[in-house]
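# Summary of the model geometry
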Amino acid sequence: MTDRSESIEYFLEDIEHHGRNDRTAAAYRRVLFEFDDFLDERFGKAPAEASYRDCMSFTHDLRSEYAESTVASYASYLNRFYGYLVRVGRHDENPMELVLEEMSESIESNPSRRDVSLEEMRNFVATIHHPLHRAIILTMLKTGIRSGELCNIDLIDLHLDHEARSWNPRAQISDESNSLYISAEHTYAEESGGIVRTESNKRKRETIIPIDSELETALVRWLAIRPEAMSRSEPLFVGTVERWGKRLTIDTVHHIVEQYTRDYGWFRTGGGAAENVTPHYFRHFFTTHLRDRTGDRGVVKYLRGDVASDIIDTYTHNWGDRVRETYLDRIYSLTDHR
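Residues numbered from 1 in each chain as written. Predicted model: local features only at pLDDT ≥ 70, side-chain atom pairs only at ≥ 80, totals over all residues. Heavy atoms only, no water.

## Details of the pattern of salt bridges
Within this structure, the stated rule accounts for 18 salt bridges. Among the salt bridges present, the one from Asp212 reaches Lys142, with a minimum N-O distance of 2.5 Å. Placement of Asp212 in the loop between β5 (207-210) and α9 (213-225) and of Lys142 in helix α7 (residues 131-143) is noted, with a sequence separation of 70 residues between them. Each of the two residues, Asp212 as well as Lys142, counts as buried. By sharing partners, the salt bridges in this structure join Lys142, Asp212 and Glu214 into a single network. (Salt bridge = Lys/Arg side-chain N within 4 Å of Asp/Glu carboxyl O. Helix = DSSP H or I, 4+ residues; strand = E, 2+ residues; numbered from the N terminus. Buried < 20%, exposed > 50% of the residue type's maximum accessible area, 1.4 Å probe, protein only.)

Written as structure tokens, this is what we have:
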């Protein structure tokens, strides 16, 4: 066994130990071995020796053969692989972080991507009546969080100024009514909040996102029927059919979203990122429409989790107030024509 294949095998063994199913493990194996072969043939390198430029060359090479959505999936697999190598000390830094950031910026500005207007999105949201499904989709549309970040939200990460709240929110938002806290610490296969996480929060810093009255209503309605959680970490979003009371997974979130977007004509099997509306598209929608309404890229980048703490600290001493005021004044409504 070569040093190169050892790092891959150790990673695959690690994800299997943490509950990834056989299909997921097989997908990781296929992608990582293809990457391994590419590096060896093109540069004579092992994955632990790869640089940002090597990773970028691989993703560029993939575009000649695969749809952009497949390229994005390959990139996410490599990102998790390198995150593992960094954690176990086999790589100094994750060369895929910058690749993913550049890919994200490219997707956000892609003019061929489906352009959904506010009115169209309001009509779509009006078709969603199940309290869990409505709360999930509105949370993503009104905060721009990723599906993995949504799955990682615990009850203490939510502060509602409403009688429905029967728990004490975490200290970071105890004085911030109607706020949602998104941690930057949750990492796949590592313990945080008392449990081992199965998803990562890909943020450069913790983020406190204001909650407007529209999202508050959706969350209160969900809490009214939320089953008792089967985890001591008390996840906000849990299953109501399969996985009753258990924390939602990314696969479940994507399935829920696809169920509605397919019925609405916004999802087609085989369609790429330019055509299909997915949870990531909701992040794109949030970014595009809130940026247009505020004209403030700094606030939007903060809400997306794209700005590091040291950068935020240079803005203003009352940054949190500025974010809240800007957000609540400019966030679009998805149930009326405000």
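## Comments concerning the packing of helix α11 (residues 279-294) against helix α12 (residues 297-304)
At their nearest, the axes of α11 and α12 sit 9 Å apart, and the two run at 155° to each other. With respect to each other, α11 and α12 are oriented roughly antiparallel. The handedness of the crossing between α11 and α12 comes out as right-handed. Listed contacts from α12 to Arg283, Phe286, Thr287, Leu290, Arg291 and Thr294 of α11 are Arg297, Val300, Leu303 and Arg304. Split into classes, the residues belonging to the contact of α11 with α12 amount to four nonpolar, two polar and four charged. (Axes fitted to C-alpha atoms, helices over the stretch in contact; angles between N-to-C directions. Parallel < 35°, antiparallel > 145°, perpendicular 65-115°, else oblique. Left-handed = near helix turned anticlockwise from the far one by under 90°. Contact = heavy atoms within 4.5 Å. Nonpolar A, V, L, I, M, F, W, Y, C, P; charged D, E, K, R; others polar.)

## Remarks on the nonpolar core
Counting residues in each nonpolar core, the largest one holds 57 residues, and the members touching the most others are Met121, Phe237 and Phe282. Apart from residues no more than four positions distant in its own chain, Phe237 is found in contact with Leu132, Ala135, Ile136, Thr139, Leu150, Ile153, Leu219, Trp222, Lys246, Arg247 and Leu248. Counting 27 residues, the second largest nonpolar core, distinct from the first, contains Phe35, Ala50, Tyr74 and Leu78. (Core = buried A, V, L, I, M, F, W, Y, C linked by side-chain atoms within 4.5 Å.)

## Focus on the sheet that holds strand β2 (residues 179-182)
An order of β1-β2-β5 is seen for the three strands of this open sheet, with the pairing classed as antiparallel. The sheet is open, and its two edges are formed by β1 (158-159) and β5, each paired on a single side. In terms of strand pairing, β2 meets β5 through four bridges, oriented antiparallel. When the sheet's bridge partners are listed, Leu180 is paired in β5 with Ile209. (Pairing = 2+ DSSP bridges.)

## Some remarks on α12
For α12, the buried fraction is high: six of the eight residues fall into the buried class. Looking only at α12, the buried set comprises Gly298, Val299, Val300, Tyr302, Leu303 and Arg304. Looking one or two residues beyond α12, the residue adopting positive phi is Gly305, at roughly 85°.

## Some points on the side chain of Asp154
Within the secondary structure, Asp154 is located in the loop between α8 (147-152) and β1. The class for Asp154 is buried, based on a relative accessible area of 3%. For Asp154, the side chain forms a polar contact with the side chain of Arg247, separated by 2.7 Å. When neighbours within four sequence positions are excluded, Asp154 is seen to be in contact with Arg197, Ser233, Glu234, Pro235, Leu236 and Arg247. (Polar contact = N/O pair within 3.5 Å; in protein donor to acceptor, adjacent residues only side chain to side chain.)

## Observations regarding helix α6 (residues 118-125)
What α6 keeps buried is the set Leu118, Met121, Arg122, Phe124 and Val125. Burial along α6 is one-sided: seen end-on, the buried residues are contained in an arc of 160°. Packed against the buried residues of α6 are α7, α10 (250-263) and α11. (Arc of directions from axis to C-beta.)

## Describing the packing of aromatic side chains
Overall, the coordinates contain 16 aromatic pairs when judged by the stated rule. Aromatic side chains Tyr264 and Trp266 sit 4.8 Å apart centroid to centroid with 80° between the ring planes, which places their arrangement in the edge-to-face category. Among the residues examined, Tyr264 registers a relative accessible area of 31% and is labelled partly exposed. Residue Trp266 is classed as buried on the basis of its relative accessible area, which comes to 7%. The rings of Phe11, Tyr28, Phe35, Phe38, Phe43, Phe58, Tyr77, Phe81, Tyr82 and Tyr84 are connected pair by pair, giving a single aromatic cluster. (Phe/Tyr/Trp six-rings, centres within 6.5 Å; stacked < 30°, edge-to-face > 60°.)

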